[in-house]
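Architecture and fold: a report
Next come the chains, spelled out residue by residue.
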Amino acid sequence: MLAIRLVSGSVRPDTLVLPVRPGGPDSPAVPVPTATPSVADDVRAEVEALLPAARLTGVAGEVREHLRPGATPQRLWLLGVGAGDEQDWRVAGAALARAAKDETQITITLPDDAGTALRGLAEGLLLGSYRFRLTDAGTRPSLAGADLLVADPEALADTLAAARTTAEMTALARDLTNTPSSTKHPEWFADQVAAAASGRPDLHLRVREPRELAAEGFGGILAVGGGSARGPRLVELDWRPAGARTHVVLVGKGITFDTGGISIKPVPAMKLMRKDMAGAAAVVAATLGAAALGLPVRVTTLAPLAENMVSGSAFRPGDVIRHYGGLTSESTNSDAEGRLVLADAMAYAVRELKPDLLVDLATLTGANAVALGKRHAALYSENDDLAADLLAAITSAGERAWRMPLADDYAEYLASDLADLHSSPAQGAGSVVAALFLREFTGELRDRWAHLDMSAPSWSDDVHGELVKGATGWGVRGLLRWLGTLG
Ligand code: BES
Ligand code: MN
Ligand code: ZN
């Protein structure tokens, strides 16, 4: 990973990056006042002289090189940081990482009040230079180090550490999600969690195997996992710091590949279904991040893991499933598998863990993207405060979600002649109805539960801001920030 250092005082870099921002209507971009007179002073006059002709807008992510042959720095880069909020800096950092792919070392000056800028810029540099280790092995960028010039490095050390942990955990979630399903099966995923949690005696991991799932009645996980030669698992990862007053349970959908099962998906819909465990990856990574940052909140993560395959042992449309805790569901479409595994894990959380708050993340429906496009998750909660807190955390971390209705009258669609619930009604409002199905398993936590359908933003088809093509790690940043607000 790119090494980021905080430095102060007088430095003479080869490549110096100076932030600029919009100068107002019809005016050229202007330099952002920085904390480093030592470096900036001898070039400031030069920059101010060239800006009027440079046609820079200062919009976040704009990068312009100015060469100074024979002088130091040899290369002056002007970096647009827009209005200068955290996400602008994140976008700028990612653009800078891309622009600097042929550099080995860059130096960037930060403003006096550097907290927000540092958080965004450091995350942007790290997230923008992320490459998946298998597919991009030969095209790794050479950029090895970024020195950030600030007035007081010590005062900002914690902010840099938080940015680094956030980016590292996001990269972990991206790695897990990008991994091909030939490698990635339920046991493999559980092993990855064990490896990531090893060396931390304060993190407790329990992995249930099919025998234990059967003994305890996890009928949804077993049904969905039954068609695969590689059996299902339930990961339970617990971060329990001394003195924690709030207990959060996070649940993440962990379908390591979704063929649709007997209700098999057509080719275009199936091709990316290795990403169908992005929810599990995000909640695991957020929990590891909470531990790494020592957040004073108890977090238990549940990741129901299964491969939804087509075979003689696969569950069938019309089967009735008995979920953990006893509720039954009739499934007429084996492609609505995510809600079946989540139902078990949520019912277990409500009955056995009895947390204060329950949040689930799932690549649950294609309807998420139909309703909101490719970049917003759908957020559901009956609790206005919880919804507002989550939205605020998600937004300030640079992710996006939009609140959707748990419309009670649509819950009629969940009626079944065979079972307590119909799991895959097809009357429309697919993301809403899936959320309403999950709500049936929240018991006493009904108004302390939130659901995030993040099928759409879990993947990016192109380079966009701090996102690279492929898995985005959506949810890690927002969850970590939200967990950081709980005490
Ligand atoms: N994993 C899919 C949802 C999905 C679709 C995620 C596209 C990411 C991108 C999920 O298991 C699924 O197949 N959902 C069905 C539900 C339907 C059968 C009720 C869907 O959305 O079509
Ligand atoms: Mn499916
Ligand atoms: Zn799925």
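Summarised in this report is the structure supplied together with it. (Residues numbered from 1 in each chain as written. Chains lettered and ligands numbered in written order. Predicted model: local features only at pLDDT ≥ 70, side-chain atom pairs only at ≥ 80, totals over all residues. Heavy atoms only, no water.)

**Side note on the overall build of the protein chain**
Of regular secondary structure, the protein chain possesses 14 helices and 21 strands. Relative to the globule expectation of 23 Å for 487 residues, the C-alpha radius of gyration of the protein chain, 24 Å, shows essentially globular dimensions. Along the three orthogonal principal directions, the C-alpha set of the protein chain runs to about 80 × 45 × 45 Å. For the protein chain, with 487 residues in total, the buried portion stands at 58%. Sequence-distant contacts, at least 24 apart, represent 76% of the contacts inside the protein chain between residues at least 6 apart. (Helix = DSSP H or I, 4+ residues; strand = E, 2+ residues; numbered from the N terminus. Rg over C-alpha atoms; globule rule 2.2 N^0.38 Å. Buried < 20%, exposed > 50% of the residue type's maximum accessible area, 1.4 Å probe, protein only. Contact = heavy atoms within 4.5 Å.)

**Focus on the site of ligand 1**
In the neighbourhood of ligand 1, 16 residues make up the surrounding shell, with Lys 265, Asp 276, Asp 335, Glu 337 and Gly 366 lying closest. Contact between ligand 1 and Thr 363: a nitrogen atom at 3.5 Å from a main-chain N or O atom of the residue. The protein chains hide 77% of the 510 Å² of surface that ligand 1 would expose on its own. Among the residues forming the shell around ligand 1, the class breakdown is three nonpolar, five polar and eight charged. (Near = heavy atom within 4 Å. Polar contact = N/O pair within 3.5 Å; in protein donor to acceptor, adjacent residues only side chain to side chain. Areas by Shrake-Rupley, 256 points an atom, 1.4 Å probe, with all protein chains shown as cover. Nonpolar A, V, L, I, M, F, W, Y, C, P; charged D, E, K, R; others polar.)

**Focus on the side chain of Ser 460**
Note on placement: Ser 460 falls in strand S20 (residues 459-460). Within polar-contact distance, the side chain of Ser 460 engages the backbone oxygen of Asp 462 at 2.6 Å.

**What about the coordination of the manganese ion (ligand 2)?**
Protein coordination at the manganese ion (ligand 2): the donors are Asp 258 (OD), Asp 335 (O), Asp 335 (OD) and Glu 337 (OE), at 2.0 to 2.2 Å from the metal. Geometry at the manganese ion (ligand 2) is irregular, judged from the six donor atoms that bind it and their angles of 72 to 168 degrees at the metal. The metal-metal distance between the manganese ion (ligand 2) and the zinc ion (ligand 3) is 3.2 Å, with Asp 258 coordinating both. According to the relative accessible area criterion, Asp 335 is partly exposed, its value standing at 22%. Judged by relative accessible area, which is 0%, Glu 337 ranks as buried. (Donors = N, O, S within 2.8 Å, 3.2 Å for Na, K, Ca; no water. Tetrahedral: all angles 85-135°; square planar, octahedral: opposite > 155°, others 65-115°.)

**Overview of unusual backbone geometry**
Residue Pro 73 is bonded to the preceding Thr 72 through a cis peptide linkage, with omega at -5 degrees. Locating Pro 73 in the fold gives a position in the loop between strand S4 (63-67) and strand S5 (75-80). The phi torsion at Asp 26 lies on the positive side, around 60 degrees, for a residue other than glycine. By the element assignment, Asp 26 lies in the loop between strand S2 (15-21) and strand S3 (30-31).

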